[in-house]
Amino acid sequence: MPRPTTPQLAYGSLTVVLSTLAALLLFDVRSGAAVAGVAAGGLVLGVLVAVTVTMPATARRRASLGPAPLPPAHAPASRSRAASGAHSRVGERSLRR
């Protein structure tokens, strides 16, 4: 497993601290369970930010767009001679014996 880079650690830690502090002040949390819930939410948000920091821009854009559409199904070519424009060979003899 690769080690986290410096930007990952910095952005992730900053996100955890600031989002947890903002949520504690915004929601006026006083119980221990609520503080633990807000801290867990801040930790999840920090991990999400740390993972997306080093993602290339194209991968981030692709991830935000959702799954890629499937290519259209290939229809088999018609074997009809009339569809291909060939003349009918009804009166010709076969060269096979």
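Residues numbered from 1 in each chain as written. Predicted model: local features only at pLDDT ≥ 70, side-chain atom pairs only at ≥ 80, totals over all residues. Heavy atoms only, no water.

Some details on unusual backbone geometry
- With a phi close to 50 degrees, Asp-28 is a non-glycine residue in the positive phi region.
- Judged by its relative accessible area of 48%, Asp-28 is partly exposed. (Buried < 20%, exposed > 50% of the residue type's maximum accessible area, 1.4 Å probe, protein only.)

Section: helix α2 (residues 32-53)
- A rise of 1.5 Å per residue sets the reference length of α2, with its 22 residues, at 32 Å; its end C-alpha atoms lie 31 Å apart and thus fit the reference within 8%.
- For α2, the complete set of buried residues consists of Val-38, Gly-42, Gly-46 and Ala-50. End-on view of α2: buried residues confined to an arc of 110 degrees, all on one side of the axis. With respect to the buried face of α2, the exposed residues turned more than 90 degrees away are Ala-33, Val-44 and Leu-48.
- As for α2, its buried residues are in contact with α1 (6-27). (Helix = DSSP H or I, 4+ residues; strand = E, 2+ residues; numbered from the N terminus. Expected span 1.5 Å × (residues − 1). Arc of directions from axis to C-beta. Contact = heavy atoms within 4.5 Å.)

Some details on the side chain of Gln-8
- Within the secondary structure, Gln-8 sits in helix α1.
- At 3.3 Å, the side chain of Gln-8 and the backbone oxygen of Ala-50 are in polar contact.
- Leaving out residues up to four positions away in the same chain, Gln-8 has contacts with Arg-3, Ala-50, Val-51 and Thr-54. (Polar contact = N/O pair within 3.5 Å; in protein donor to acceptor, adjacent residues only side chain to side chain.)

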